[in-house]
Amino acid sequence: MRTTIAVVAIIIAILALVPVLTASVVWADPPPSEVWVDDDWAGIPPGQPADGHTMGYDAFAVIQDGINAVASPGTVHVADGYYVENITLKDGVQLLGAGADVTTIDGGGAGSVVTATGIGPGTVLDGFTITNGSTDHGGGMNNFHSSPTVTNCIFSSNSANTWGGGMSNYPDSSPTVTNCIFDNNSSAVDGGGM
């Protein structure tokens with residue numbers, strides 16, 4: 001009997017914590033035009049300064065959460081760090097890293113690291129190392145009917161089974177790529193780099 005009461009008490013305590021544990025990902029209405037992402041962010045209460053700016057409802061530890069929460073047009077600022085995730089860009093959103101030498105997105109060997117579908121030139125990817133993507137095409141970045149602006153990025157150690165180890169631009173995709181490095185990407189068929 002005591003064991004049952006103890007288990008019920010633990011379950012009630014866990015359920016009481018759910019709102020607290022999920023409070024770090026708050027979707028504002030209307031959505032903010034600017035958000036910050038920091039892999040070290042640990043849920044600082046709204047309004048308290050961190051890293052030189054106010055972080056609260058507009059701060060996230062995961063890049064995709066920041067992209068999902070920001071308005072379009074809008075800006076997602078990503079602090080230096082190592083982010084293991086696969087992201088999907090949002091049309092009209094600028095994703096700005098702290099620099100390719102200090103901000104890495106690692107796809108974990110599971111799919112394209114960055115996916116862009118139906119994205120125009122107002123969508124920006126700037127200041128990242130994109131690595132460890134592995135898929136059929138576009139291991140580092142897969143542009144599908146998209147023409148984003150990609151600047152100051154390093155595409156390194158990505159692979160594809162068919163084409164575009166570093167980046168795939170098919171079909172009807174024409175990204176503007178400036179000051180980027182493609183290094184050690186591979187493809188089994190065509191276009192190891194792009």
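See the structure shown above.
A few points on the structure. (Residues numbered from 1 in each chain as written. Predicted model: local features only at pLDDT ≥ 70, side-chain atom pairs only at ≥ 80, totals over all residues. Heavy atoms only, no water.)

A separate point is the overall build of the protein chain. Helices and strands together make up the secondary structure of the protein chain, namely 2 helices and 21 strands. The buried share of the protein chain, taken over its 194 residues, is 41%. Total accessible area computed for the protein chain in this model is approximately 9,500 Å², and 57% of it derives from carbon and sulfur atoms. (Helix = DSSP H or I, 4+ residues; strand = E, 2+ residues; numbered from the N terminus. Buried < 20%, exposed > 50% of the residue type's maximum accessible area, 1.4 Å probe, protein only. Areas by Shrake-Rupley, 256 points an atom, 1.4 Å probe, with all protein chains shown as cover.)

With that settled, the discussion passes to the packing of aromatic side chains. Counted according to the given criterion, the structure contains 2 aromatic pairs. Look at phenylalanine 155 and phenylalanine 182: their rings are 4.8 Å apart centre to centre, the planes differ by 5°, and that puts the pair in the stacked class. A residue pair is termed long-range when its members are at least 10 positions apart, and phenylalanine 155 in strand β16 (residues 154–156) and phenylalanine 182 in strand β20 (residues 181–183) qualify at 27 residues. Take phenylalanine 155: its relative accessible area is 0%, and that puts it in the buried class. Residue classification places phenylalanine 182 among the partly exposed residues on the basis of a relative accessible area of 28%. When the ring of tryptophan 163 is compared with that of tyrosine 170, the centres are 5.8 Å apart and the planes differ by 85°; the resulting orientation is edge-to-face. Overall, tyrosine 170 belongs to the exposed group, its relative accessible area being 52%. (Phe/Tyr/Trp six-rings, centres within 6.5 Å; stacked < 30°, edge-to-face > 60°.)

Membership of the largest hydrophobic core comes to 28 residues, with the highest contact counts inside it found for Ile63, Val76, Leu95, Leu125, Phe128 and Met141. Of all the secondary structure elements, the ones that give two or more residues to this core are β1 (34–37), α2 (63–69), β5 (74–78), β8 (93–96) and β10 (114–117). Per-element accounting of this core gives the leading share, 3 residues, to α2. Sequence-distant contacts of phenylalanine 128, that is, excluding residues within four places in its chain, are made with Ile63, Val78, Leu95, Leu96, Gly97, Gly99, Ala100, Thr103, Ile105, Asn152, Cys153 and Ile154. (Core = buried A, V, L, I, M, F, W, Y, C linked by side-chain atoms within 4.5 Å. Contact = heavy atoms within 4.5 Å.)

Residues serine 72 and proline 73 are joined by a peptide bond in cis, for which omega reads 0°. By secondary structure assignment, the location of proline 73 is in the loop between α2 and β5. Cis peptide bonds are those with omega within 30 degrees of zero, and the linkage from tyrosine 170 to proline 171 qualifies with -10°. For proline 171, the location among the structural elements is in the loop between β18 (167–169) and β19 (176–178). Phi is positive for serine 157, which is not a glycine, with a value near 60°. On the secondary structure map, serine 157 appears in the loop between β16 and β17 (159–163). Residue aspartate 172 is not a glycine yet carries a positive backbone phi of 50°. Within the secondary structure, aspartate 172 is located in the loop between β18 and β19.

What follows is about the sheet that holds β19. With parallel pairing, the 7 strands of this open sheet are ordered in space as β4-β1-β5-β8-β11-β15-β19. On the outer flanks of this sheet lie β4 (59–60) and β19, each paired with one strand and no other. Here 4 bridges tie β5 to β8, and the two strands are oriented parallel to one another. Counted as the bridge partner of histidine 77 is leucine 96 from β8. (Pairing = 2+ DSSP bridges.)

If a strand is regular, its side chains alternate between the two faces of the sheet. With 4 bridges connecting them, β1 and β5 associate as parallel partners. Each residue of the ladder has a partner; that of tryptophan 36, found in β5, is histidine 77. As paired strands, β1 and β4 are joined by 2 bridges and run parallel to one another. Bridge pairing in β4 links valine 37 to phenylalanine 60.

One open sheet accounts for 4 strands, arranged β7-β10-β14-β18; its pairing is parallel. Every interior strand has two partners, whereas the edge strands, β7 (87–88) and β18, have only one. The sheet contact formed by strand β14 (residues 141–144) and β18 spans 3 bridges and is parallel. Looking at β18, one finds that asparagine 142 is bridged to serine 168.

What is shown is where atoms sit, not what they do.
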